[in-house]
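Results of the structural survey
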Amino acid sequence: MAQSARNTVKSVERTFRIIGGLQELGGAGVTELSTHLDLPKSTVHNYLSTLEQEAYVVKADDQYRIGLRFLEHGAYARNQSQIFEIARPELDRLANETGELCNLLVEEHGKGTYLYRTRGENAVRVKEHVGNRVCLHSTALGKAILAHLSEERVDEIIDRHGLPETTDRTVTDRDELFETLADIRERGVAFDDEERLSGLRCVAAPVLSNDDRVLGAISVSGPSHRFENERFREELPKRVLETANVLELNVTYS
């Protein structure tokens, strides 16, 4: 895991604070953003003007928003992932077969990033989109990944990001989480029973390389009333495991 930089460049830190603030606010003017970040208006204006000049933000009617140039970097980064192109057609098939929302998540810097999402005809709409970063402990996808990291690495991730609660069902106790990860390794799949979003359940499986490194995880998500009983505990896990197995074979022999 990356360590904190010894000699941080303050201007870089501030640039990313401003970019992050714009995203959090969904776009903003100089005054609103300076208040949100507790920075002088002149400083915020100078940074935004520079970012606009470089095409990373767009200005319209005194409001600034994140520009599409970031998409160029995001698409490039996603295409560097070994698993993305291999997983996409198989997840599309799984979404069509189940009618639900299917996802691909990878771990980076101790958090999970959605690389791909695809929707079946009955799929629910949730706020997360490709590129969203989430804490690993609160999702089936993340737990499937954590279960195949070393105990030392999991401890590092918890020490860095904590175990924040997102619903009253989120696992927030370290010992309980480790027990859950042991169960996941034994049965091969992870479950999210409304632990990240109320009313949403999820079944996930890791995708492993031929030397047992975890490359990411795939899942099927849906509303609790459709994810019940045998479908939730047997049918969907079987489908997810079959898809993960196909991906592992494709990764090995591609």
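About the criteria used
Residues numbered from 1 in each chain as written. Predicted model: local features only at pLDDT ≥ 70, side-chain atom pairs only at ≥ 80, totals over all residues. Heavy atoms only, no water. Helix = DSSP H or I, 4+ residues; strand = E, 2+ residues; numbered from the N terminus. Rg over C-alpha atoms; globule rule 2.2 N^0.38 Å. Buried < 20%, exposed > 50% of the residue type's maximum accessible area, 1.4 Å probe, protein only. Contact = heavy atoms within 4.5 Å. Areas by Shrake-Rupley, 256 points an atom, 1.4 Å probe, with all protein chains shown as cover. Lys, Arg positive; Asp, Glu negative; His and termini not counted. Charge placed at Lys NZ, Arg CZ, Asp CG, Glu CD. Salt bridge = Lys/Arg side-chain N within 4 Å of Asp/Glu carboxyl O. Disulfide = S-S within 2.5 Å. Axes fitted to C-alpha atoms, helices over the stretch in contact; angles between N-to-C directions. Parallel < 35°, antiparallel > 145°, perpendicular 65-115°, else oblique. Left-handed = near helix turned anticlockwise from the far one by under 90°. Nonpolar A, V, L, I, M, F, W, Y, C, P; charged D, E, K, R; others polar. Phe/Tyr/Trp six-rings, centres within 6.5 Å; stacked < 30°, edge-to-face > 60°. Lys NZ or Arg CZ within 6 Å of the ring centre and 35° of its normal. Polar contact = N/O pair within 3.5 Å; in protein donor to acceptor, adjacent residues only side chain to side chain. Pairing = 2+ DSSP bridges.

1. So, the overall build of the protein chain
Within the protein chain one finds nine helices and eight strands. For 254 residues, the compact-globule estimate of 2.2 N^0.38 gives 18 Å, and the C-alpha radius of gyration of the protein chain, at 20 Å, lies within 12% of that figure. In the protein chain, which comprises 254 residues, the share counted as buried stands at 46%. Considering only contacts in the protein chain between residues 6 or more positions apart, those separated by 24 or more positions represent 55%. Only carbon and sulfur atoms are counted for the fraction: they give 45% of the accessible area of the protein chain, which is about 13,900 Å². Counting 32 positive and 43 negative side-chain charges, the protein chain places the centres of these two groups 5 Å from one another.

2. Examining the pattern of salt bridges
Applying the stated rule across the entire model yields 18 salt bridges. Put simply, R88 and E85 hold a salt bridge, and the shortest N to O gap is 2.8 Å. Of this pair, R88 and E85 both sit in helix α5 (residues 82–98), separated by three residues, roughly a single helical turn. Exposure remark for E85: the relative accessible area of 44% places this residue in the partly exposed category. Its salt-bridge partner being R169, residue E194 comes within 3.7 Å of it at the nearest N-O pair. Taken as a pair, E194 in the loop between β6 (190–193) and β7 (200–208) and R169 in the loop between α7 (151–161) and α8 (174–187) lie far apart in primary sequence, 25 residues in all. For R169, a relative accessible area of 41% puts it in the partly exposed group. Among the ionic contacts, a cluster of salt bridges with common partners joins E90, R93, E97, E235 and R239.

3. Digging into the state of the cysteines
If you walk through the whole model with that rule in mind, you get zero disulfides. Cysteine C102 shares no disulfide, and the gap to the nearest cysteine sulfur, in C202, comes to 9.1 Å. Residue C102 is classed as buried on the basis of its relative accessible area of 0%.

4. A short note on the packing of helix α2 (residues 30–37) against helix α3 (residues 41–53)
Running from N to C, α2 and α3 cross one another at 115°; their axes reach a closest spacing of 9 Å. Relative to α3, the element α2 lies roughly perpendicular. The two elements α2 and α3 cross, and the hand of that crossing is right-handed. In this structure, α2 uses V30, T31, L33 and S34 to contact α3, whose residues at the interface are K41, V44, H45 and L48. Of the residues that constitute the contact of α2 with α3, the class distribution is four nonpolar, three polar and one charged.

5. Observations regarding the packing of aromatic side chains
The geometry of an aromatic ring pair is captured by the separation of the ring centres together with the interplanar angle, meaning the angle of the planes. With the rule as written, the count across this model stands at four aromatic pairs. Where F191 meets F232, the ring centres are 5.1 Å apart and the plane angle is 70°; that geometry is what we call edge-to-face. Separated by 41 residues along the polypeptide, F191 in strand β6 and F232 in helix α9 (residues 229–253) bring together distant segments of the chain. This pair shows no difference in class: F191 is buried, exactly as F232 is. These aromatic residues form a ring-pair network of at least three members: F191, F227 and F232. A cation over an aromatic ring shows up here: R117 above the ring of Y114, its NZ or CZ 4.3 Å from the ring centre.

6. Describing the side chain of E195
The topology assignment puts E195 in the loop between β6 and β7. A residue is classified by how much of its surface remains accessible, and E195, at 8% relative accessible area, is buried. Engagement of the side chain of E195 in a polar contact is seen with the side chain of K143, the distance being 2.7 Å. Excluding residues within four positions of it along the chain, E195 makes contact with H137, S138, K143, T166, T167, R169, T170 and V171.

7. Describing the sheet that holds β7
Strand order across the open sheet formed by six strands is β5-β4-β3-β8-β7-β6, with antiparallel pairing between neighbours. Two strands lie at the open edges of the sheet, namely β5 (133–135) and β6, each paired on one side alone. With direction set aside, neighbouring strand axes in the sheet form an average angle of 30°. Note: strand β3 (residues 101–108) against strand β8 (residues 214–223), five bridges, orientation antiparallel.

Note that all results are geometric; they support no functional claim without further evidence.
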